[in-house]
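Survey of secondary and tertiary structure
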Amino acid sequence: MAKVFSSALGESTNIDRVIGHLSGNCPGPTVVFFAGIHGNEPAGVFALKHVLNELRVRQTPIYGQIYAIAGNLKALQANVRFLEKDLNRIWTVQEINQIANSAENLGSDEKELWELYQLLLEILSQEKAPYYFIDLHTTSSETAPFVVLNDSMLNRKFASNYPLPIILGIEEYLVGALLSYINELGYVSLGYESGQHDDISSIRNSIDFIFYTLNISGAVQLSTPVRNVLEQQILSSDRRTNTFYEIYYQHKITKGNRFKMLPGFRNFQIIPKGRDIAEENNKPLVTSKKRQIFMPLYQELGSEGFYFIRTIPRVLLWISKGLRWFRVDGLLVYLPGIQWASLKKDVLLVDQRIARFMAKSFFHLLGYRARRLDKTHLVVKNREAASRNWEYKDSKWY
């Protein structure tokens, strides 16, 4: 058990790993919410406790299963992002296998991962599809709420139900995120950033988002008027509606470097050319052209200083959908410099000395995530191959 404090509310609450679990009498989805994967982000914890309590008090009919799970209990109690390792950067197969093989000699955050991993396996073995995994977060900078996800068509289709900006491409820059691990298992998974860490609106926004998600997934049936009110409340938090953005640049903070974000920047802000935005080792970082900034870092822990994003035109989203539908990627291996790197034919190895014409942006259209292997090669992995679309085909939103 951990005692978690909210400076926004000025109160504490005691939680276990499973904050709450509501089981319905009627068949339905399995909806799993995570909160506090980062220990300095308690808003989602308090929002989940409020929603579960309200559902109980109102005796709201539940369809399927609803889980509310706390992430890093020790970090939540200490009100720090993490103690030794960022819990949202170690969800890789390699890291999990290493933890499994050294279960008696684990660090604090590794123990948290192992407990969460065992709970995840238990839910997947005991409950029924379709599964929805939602990770609740807040940011260190001022922000309007937004949704972030791995760019599979399944994720994209589900996320389009939210009247919120949707950010694609973060998995190319963040290795070991919980939702990336779950998405590679084929399930719907998305993150929700509700606002700044200690802003009370972050809790209110999370409450609205949780109720809205339960309705979209079919776990809770809301009347049309109630749903419309919720939609307007979510919409009023950000007038961008469900505009799609992609991340195209990350400023990675090299270990040992002294990084300081200059004050006053907020998510989605347009920054003109020639503007100082941060300092690194006492040298200014200046925009070389007009940029749109995303998640500027205003906390001590963290290795991502800021990102740049851009709007994705709707026509590119439609082209991407068509290319994936017709599996155009299967023709790429007939081009020079490109070959399959996996027997499952879901990973390509690209030699950019030969296939110079193949840019990351083209692979994105086809549903691939690109990572640099070395100076001359890219490894690109198909984000569509694992999607368990058949488990969601009877859902109303599908």
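Here we summarise the structure given alongside this text. Please read all numbers here as calculations on a predicted model, not as lab measurements.

What counts and what doesn't
- Residues numbered from 1 in each chain as written.
- Predicted model: local features only at pLDDT ≥ 70, side-chain atom pairs only at ≥ 80, totals over all residues.
- Heavy atoms only, no water.
- Pairing = 2+ DSSP bridges.
- Helix = DSSP H or I, 4+ residues; strand = E, 2+ residues; numbered from the N terminus.
- Contact = heavy atoms within 4.5 Å.
- Axes fitted to C-alpha atoms, helices over the stretch in contact; angles between N-to-C directions.
- Patch = residues over 30% accessible without salt bridge, like charges linked within 9 Å, V, L, I, M, F, W, Y side chains within 5 Å.
- Areas by Shrake-Rupley, 256 points an atom, 1.4 Å probe, with all protein chains shown as cover.
- Salt bridge = Lys/Arg side-chain N within 4 Å of Asp/Glu carboxyl O.
- Phe/Tyr/Trp six-rings, centres within 6.5 Å; stacked < 30°, edge-to-face > 60°.
- Buried < 20%, exposed > 50% of the residue type's maximum accessible area, 1.4 Å probe, protein only.

Now for the sheet that holds strand β4 (residues 26-35). Taken together, the 11 strands give an open sheet; going across it, the order is β3-β5-β4-β6-β9-β7-β8-β10-β16-β15-β12, and neighbouring strands pair in mixed fashion. What marks the edges here is a single partner per strand, and that holds for β3 (18-23) and β12 (270-271). Sheet topology places strand β15 (residues 291-294) next to strand β16 (residues 304-311); two bridges connect them, and they run antiparallel. Opposite Ile293, over in β16, you have Phe308 as the bridge partner. The sheet contacts of helix α1 (residues 43-57) involve β3, β4, β5 (63-70) and β6 (131-139), and relative to β3 the element is tilted by about 30°. Those strands touched by helix α4 (residues 108-126) are β3, β4, β5 and β6, and its axis lies near 175° from that of β5.

Together, Val315, Leu316 and Ile319 make up an exposed nonpolar region whose accessible area comes to about 240 Å². Residue position: Ile319 is located in helix α9 (residues 314-325).

As a further point, take the packing of aromatic side chains. Inspection of the entire model under this criterion finds 30 aromatic pairs. Ring plane angle 70° and centroid distance 5.2 Å describe the contact between Tyr131 and Tyr187, whose orientation is recorded as edge-to-face. You can see Tyr131 sitting in strand β6 and its partner Tyr187 sitting in the loop between α6 (178-183) and β9 (188-196), a full 56 residues away along the chain. Neither Tyr131 nor Tyr187 differs from the other in exposure class; each is buried.

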